[in-house]
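So you can see what is in the structure, the chains are spelled out below.
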Amino acid sequence: MIKFLDLYKINQRFNDEFNATFNESLEQSHFILGNNVTDFEKEFTNYCGTKYCIGTGNGLDALTLILKGYIHLGKLKKGDKVIVPANTFIATILSVLHADLEPVFVEPNSRTYNLSAEDVELNIEGVKAIIMVHLYGQLADVEKLKFLAEKHKLLLIEDAAQAHGAECGLGKAGALSDAAAFSFYPSKNLGALGDGGCVTTNDSGLSSAIILLRNYGSTEKYKNEIIGYNSRLDDMQAAFLKIKLRHLDVDNERRRAIANTYLENVKNKKITLPYYDGSKNHVFYAFVVEVDNREDFIQFLDHNNIQWLIHYPVAPHKQKAFSVFSHLKLPLTEKIQKRVISLPISPVMTNNEIRTVVNVLNAY
Ligand SMILES: *Cc1c(COP(=O)(O)O)cnc(C)c1O
């Protein structure tokens, strides 16, 4: 069986370091907003190339707190329109709703699955912010979206939950917009041993607002300045993340190497391979192919003991929870949602496993 993602194998590599940091943390017993959070925040700002990093409870909260932070600062107000990709994980859109803002769904580019500046511009009327998602680990059309946001004086926000370490000429994911949200959900390229997330930004006002919002509106115990939440990055998770951050570049390089092996060696007209320009702008959180008959393909993979996953089987606007958006006409998103399937890719796959996947795909 070739696992889709072998989390045990991924984390087992750090077992000794995890144990040492666990014992240290237990000794210090500073479990909430301790030194590990502060240290990790500093190390992640250095990594991304931003001024600030604020640890949060998870990726959804990171996104939501960015939007609530801008509302607190008066840069957004309730009911403002925010562009979101129609083809994304539901969290991107939930954050907009949780902040009492209005999502404007924009169809993706069919080659990159990301927002294109042209499609965004067609929907820009009355919009106050854009959330670009670096879907599957590939940076969105950052340069053009930045230009567009500046031209129309809009806030540009990154959902970088799948793109830790992806980079282009303008910098790394997290440093390519006004504010970015990361998730450290265990399966992400930089994953904790539980939930976690953070915001990165160069905006000191936003950083201060989120520092208050994540911790009961307070920086001093029992002194509450604004109406806040409880969404802090867990100190133990920060300790584990510090260890894993040092290996992120090597892991991403391995993911790219596996992707290149697939791209060079899978030659099957029935399988449409993903677009990749060969640069570091992709960290292959997922290796997503398209097929005409997915049910048939799934049977074939199952028969050959290759695990798979679908990112995502139901488009957000077709979810029961989003029935108010079910009238939207988003044919491209719906088409993608029916055709995509993600194949195993992870830094711990062996060369043998990679070869097997290639051979099985060529035999389909
Ligand atoms: C994982 C993910 C999130 C949410 O992260 P959580 O930590 O699970 O809350 C948001 N957006 C995208 C694109 C994601 O993949």
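Bear in mind the structure is a predicted one, so any value in this text is a computation, not a measurement.

Participant: Please clarify how the packing of helix 2 (residues 15-28) against helix 9 (residues 235-245) should be interpreted in this entry.
Facilitator: A pair of packed helices is characterised by two quantities: the angle between their axes and the separation of those axes. Two elements in contact, helix 2 and helix 9, have axes whose closest approach is 10 Å; the angle formed by their N-to-C orientations is 145 degrees. Where helix 2 crosses over helix 9, the two elements pack in a sense that is right-handed. Across from Glu17, Phe18, Thr21, Phe22 and Ser25 in helix 2, the residues of helix 9 making contact are Met236, Ala239, Phe240, Ile243 and Lys244. Looking at side-chain class alone, the contact of helix 2 with helix 9 contains 6 nonpolar, 2 polar and 2 charged residues.

Participant: Sorry, what's going on with empty space enclosed by the protein here?
Facilitator: Remark: the empty space left among the atoms is shown by a probe the size of a water molecule rolled over them. Taken as a whole and judged by the stated rule, the model has 4 cavities of 30 Å³ or more. As for the largest cavity, its lining consists of Ile10, Arg13, Pro186, Ser187, Lys188, Asn189, Leu190, Gly191, Lys244, Asp251, Arg255 and Pro347. Of the residues assigned to the lining of the largest cavity, the class counts are 4 nonpolar, 3 polar and 5 charged. Each of domain 1 (7-106 + 113-245) and domain 2 (248-363) accounts for three or more of the residues forming the lining of the largest cavity. Volume-wise, the second largest cavity comes out at about 70 Å³. Forming the boundary of the second largest cavity are Arg111, Thr112, Tyr113, Leu135, Tyr136, Gln138, Pro274, Tyr275, His282, Phe284, Ala286 and Val288. When the residues that make up the lining of the second largest cavity are grouped by side-chain class, the tally is 8 nonpolar, 3 polar and 1 charged. For the lining of the second largest cavity, the two domains that each supply at least three residues are domain 1 (7-106 + 113-245) and domain 2 (248-363).

Participant: Looking at this model, I keep getting lost on the nonpolar core. Mind explaining?
Facilitator: Generally speaking, nonpolar side chains in soluble globular proteins are found buried as a group. Residues Phe40, Phe44 and Phe184 are the most contacted members of the largest nonpolar core, which totals 41 residues. Those elements that provide at least two residues to this core are helix 3 (35-48), strand 3 (102-106), helix 6 (117-122), strand 4 (127-133), helix 7 (142-151), strand 8 (179-183) and helix 9. Top contributing element to this core by residue count: helix 3, with 5 residues. Look past the residues within four positions of Phe184 in its chain and what remains in contact with it is Phe40, Phe44, His164, Leu190, Gly191, Ala192, Gly194, Gly196, Gly197, Cys198, Leu233 and Leu241. In this structure, Tyr113, Ile310, Met349 and Ile354 belong to the second largest nonpolar core, which totals 36 residues.

Participant: What is the right way to look at the layout of surface pockets in this model?
Facilitator: Empty space within the largest pocket amounts to approximately 580 Å³. Lining the largest pocket are 28 residues; nearest its centre among them are Tyr185, Ser187, Lys188, Tyr285 and Tyr312. Among the secondary structure elements, those contributing two or more residues to the lining of the largest pocket are helix 4 (59-72), helix 5 (90-98) and strand 8. With 3 residues, helix 4 is the single largest residue contributor to the lining of the largest pocket. By residue class, the composition of the lining of the largest pocket is 16 nonpolar, 8 polar and 4 charged. Formed jointly, the lining of the largest pocket draws a minimum of three residues from each of two domains, domain 1 (7-106 + 113-245) and domain 2 (248-363).

Participant: Please explain unusual backbone geometry as it appears in this structure.
Facilitator: Tyr312 follows His311 through a cis peptide bond whose omega is 10 degrees. Along the chain, the position of Tyr312 falls in the loop between helix 11 (294-303) and helix 12 (331-339). Even without glycine at this site, Asn305 takes up a positive phi of about 60 degrees. Along the chain, Asn305 turns up in the loop between helix 11 and helix 12.

Participant: For this particular structure, what's the right way to read helix 7?
Facilitator: Note on helix geometry: an α-helix contains 3.6 residues per turn, so any two residues three or four positions apart are oriented the same way. Those residues of helix 7 lying buried are Val142, Leu145, Leu148 and Ala149. An end-on view of helix 7 places all buried positions within 130 degrees of arc, on one side of the element. Facing away from the buried side of helix 7, by more than 90 degrees, are the exposed residues Glu143, Phe147 and Glu150. Considering only its buried residues, helix 7 is in contact with helix 6, strand 4 and strand 5 (155-159).

Participant: Just to check I follow, could you spell out the domain arrangement of the protein for this structure?
Facilitator: The accessible area lost on association of the parts is a frequent measure of interface size. Domain parsing of the protein yields domain 1 (7-106 + 113-245) and domain 2 (248-363). A straight line from the C-alpha centre of domain 1 to that of domain 2 covers 25 Å. In this complex, domain 1 contributes 31 residues to the contact, which on the side of domain 2 involves 33 residues. Summing both partners gives a buried area of about 2,900 Å² for domain 1 against domain 2, and 61% of it is carried by carbon and sulfur. When the area that domain 1 buries against domain 2 is broken down by residue, the three leading residues are Tyr113, Tyr136 and Asn189, summing to 25%. Applying the counting rule to domain 1 against domain 2 returns 1 salt bridge. Among the ionic pairs, Arg13 bridges to Asp251, the shortest N-O distance being 2.9 Å. If you list the elements that add at least two residues to the side of domain 1 that touches domain 2, you get helix 1 (7-12), helix 5, strand 3 and helix 9. Per element, the largest residue contribution to the side of domain 1 that touches domain 2 is 4 residues, and it comes from helix 5.

Basis of the calculations
- Residues numbered from 1 in each chain as written.
- Predicted model: local features only at pLDDT ≥ 70, side-chain atom pairs only at ≥ 80, totals over all residues.
- Heavy atoms only, no water.
- Axes fitted to C-alpha atoms, helices over the stretch in contact; angles between N-to-C directions.
- Helix = DSSP H or I, 4+ residues; strand = E, 2+ residues; numbered from the N terminus.
- Left-handed = near helix turned anticlockwise from the far one by under 90°.
- Contact = heavy atoms within 4.5 Å.
- Nonpolar A, V, L, I, M, F, W, Y, C, P; charged D, E, K, R; others polar.
- 1 Å grid on protein atoms, 1.4 Å probe; cavity = no way out; pocket = protein on both sides within 12 Å on 5 of 7 lines; lining within 4 Å.
- Points joined across faces, edges and corners; volume = space filled by probe spheres on them.
- Domains from an automatic or database assignment.
- Core = buried A, V, L, I, M, F, W, Y, C linked by side-chain atoms within 4.5 Å.
- Buried < 20%, exposed > 50% of the residue type's maximum accessible area, 1.4 Å probe, protein only.
- Arc of directions from axis to C-beta.
- Buried area = accessible area lost by both parts, 1.4 Å probe.
- Salt bridge = Lys/Arg side-chain N within 4 Å of Asp/Glu carboxyl O.

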